[in-house]
Amino acid sequence: MEGLWRTAAGLDPKPEDYEGVDFWLAPERAGWLTKQGEYIKTWRRRWFVLKRGKLFWFKNSFVTHDSKPRGVIPVGACLTVKGAEDVLNKQFAFELSTNRDTMYFIADSEKEKEEWINSIGRSIVQHSRSVTDSEVVDYDSKR
């Protein structure tokens, strides 16, 4: 688990953490969030990209094939994503948690916060180790 949060904290993200993911092309979700540091608890605005079960962040929004993520969170290892205004006493805050750690983020609006929570939540379900491909149901195809 230490590796997850070392990666998530942006400490030495390794190419294998994001290899095979074209994060610069058609992300599931992308936008600005303010993230709290893992060790030094300062708040920094970063560009986030959600793609193929990984939440990447960058210093700026100009993301290309040659960009190197500042950090990567494999969301399939996370258990919950939920609002956290009451925990942080900050508007538009939400948290992403494993069974051991929690990371905090702040969106620019309530709408953005809800969209990030929904997108990350969907990704957790799709990429969770407890759900196999045969158990995923595409409800849209049943119409």
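Just above, that's the structure.
Rules used in this analysis
Residues numbered from 1 in each chain as written. Predicted model: local features only at pLDDT ≥ 70, side-chain atom pairs only at ≥ 80, totals over all residues. Heavy atoms only, no water. Helix = DSSP H or I, 4+ residues; strand = E, 2+ residues; numbered from the N terminus. Buried < 20%, exposed > 50% of the residue type's maximum accessible area, 1.4 Å probe, protein only. Pairing = 2+ DSSP bridges. Axes fitted to C-alpha atoms, helices over the stretch in contact; angles between N-to-C directions. Contact = heavy atoms within 4.5 Å. Core = buried A, V, L, I, M, F, W, Y, C linked by side-chain atoms within 4.5 Å. Phe/Tyr/Trp six-rings, centres within 6.5 Å; stacked < 30°, edge-to-face > 60°. Polar contact = N/O pair within 3.5 Å; in protein donor to acceptor, adjacent residues only side chain to side chain.

### Considering unusual backbone geometry
And then number 1: The phi dihedral of Ala26 is positive, around 40°, even though this residue is not glycine.
And then number 2: Checked against the element boundaries, Ala26 lands in the loop between helix 1 (2–8) and strand 1 (29–36).
And then number 3: A positive phi angle is found at Arg52, which is not glycine, with a value near 50°.
And then number 4: For Arg52, the position within the fold is in the loop between strand 2 (43–51) and strand 3 (54–58).

### Considerations on the pairing of strand 1
And then number 1: Buried residues dominate strand 1, accounting for six of its eight residues.
And then number 2: Pairing between strand 1 and strand 2: eight bridges, direction antiparallel. Each residue of the ladder has a partner; that of Ala30, found in strand 2, is Val49.
And then number 3: Looking at chain direction, strand 1 and strand 7 (residues 102–106) are connected through two bridges and run antiparallel. In the strand pairing of strand 7, Thr34 is matched with Ile106.

### Side note on the sheet that holds strand 6 (residues 93–97)
And then number 1: One open sheet accounts for seven strands, arranged 4-3-2-1-7-6-5; its pairing is antiparallel. Each edge of the open sheet carries a strand with a single partner, namely strand 4 (71–74) and strand 5 (80–83). Strand-to-strand twist in this sheet, taken as the mean axis angle between neighbours without regard to direction, amounts to 35°.
And then number 2: Sitting on the sheet, helix 3 (residues 110–127) touches strand 1, strand 2, strand 3, strand 5 and strand 6, and the angle it makes with strand 5 is about 165°.

### Overview of the nonpolar core
And then number 1: The biggest cluster of nonpolar side chains holds 23 residues, and the ones touching the most others in it are Leu55, Ile73, Phe94, Leu96, Phe105, Trp116 and Ile120.
And then number 2: Secondary structure elements with two or more residues in this core: strand 2, strand 3, strand 6, strand 7 and helix 3.
And then number 3: Filtering out sequence-adjacent residues up to four positions away, Phe94 remains in contact with Leu33, Val81, Lys82, Gly83, Ala84, Met103, Tyr104, Phe105, Lys113, Trp116, Ile117 and Ile120.
And then number 4: One finds Val21, Trp47, Phe56 and Val72 within the second-largest nonpolar core, a separate group that totals nine residues.

### A closer look at the packing of aromatic side chains
And then number 1: Within this structure, the stated rule accounts for eight aromatic pairs.
And then number 2: When the centroid spacing of 5.3 Å and the interplanar angle of 75° are considered together, the rings of Trp32 and Trp47 count as edge-to-face. Note that Trp32 is positioned in strand 1 and Trp47 in strand 2, a separation of 15 residues in sequence.
And then number 3: For the pair Phe48 and Phe105, a centre-to-centre distance of 5.5 Å together with 85° between the ring planes defines the contact as edge-to-face.

### Side note on the side chain of Ser67
And then number 1: For Ser67, the position within the fold is in the loop between strand 3 and strand 4.
And then number 2: There is a polar contact of 2.8 Å between the side chain of Ser67 and the backbone nitrogen of Thr64.
And then number 3: In this structure, Ser67 is in contact with Phe23, Phe58 and Phe62, ignoring residues within four places of it in sequence.

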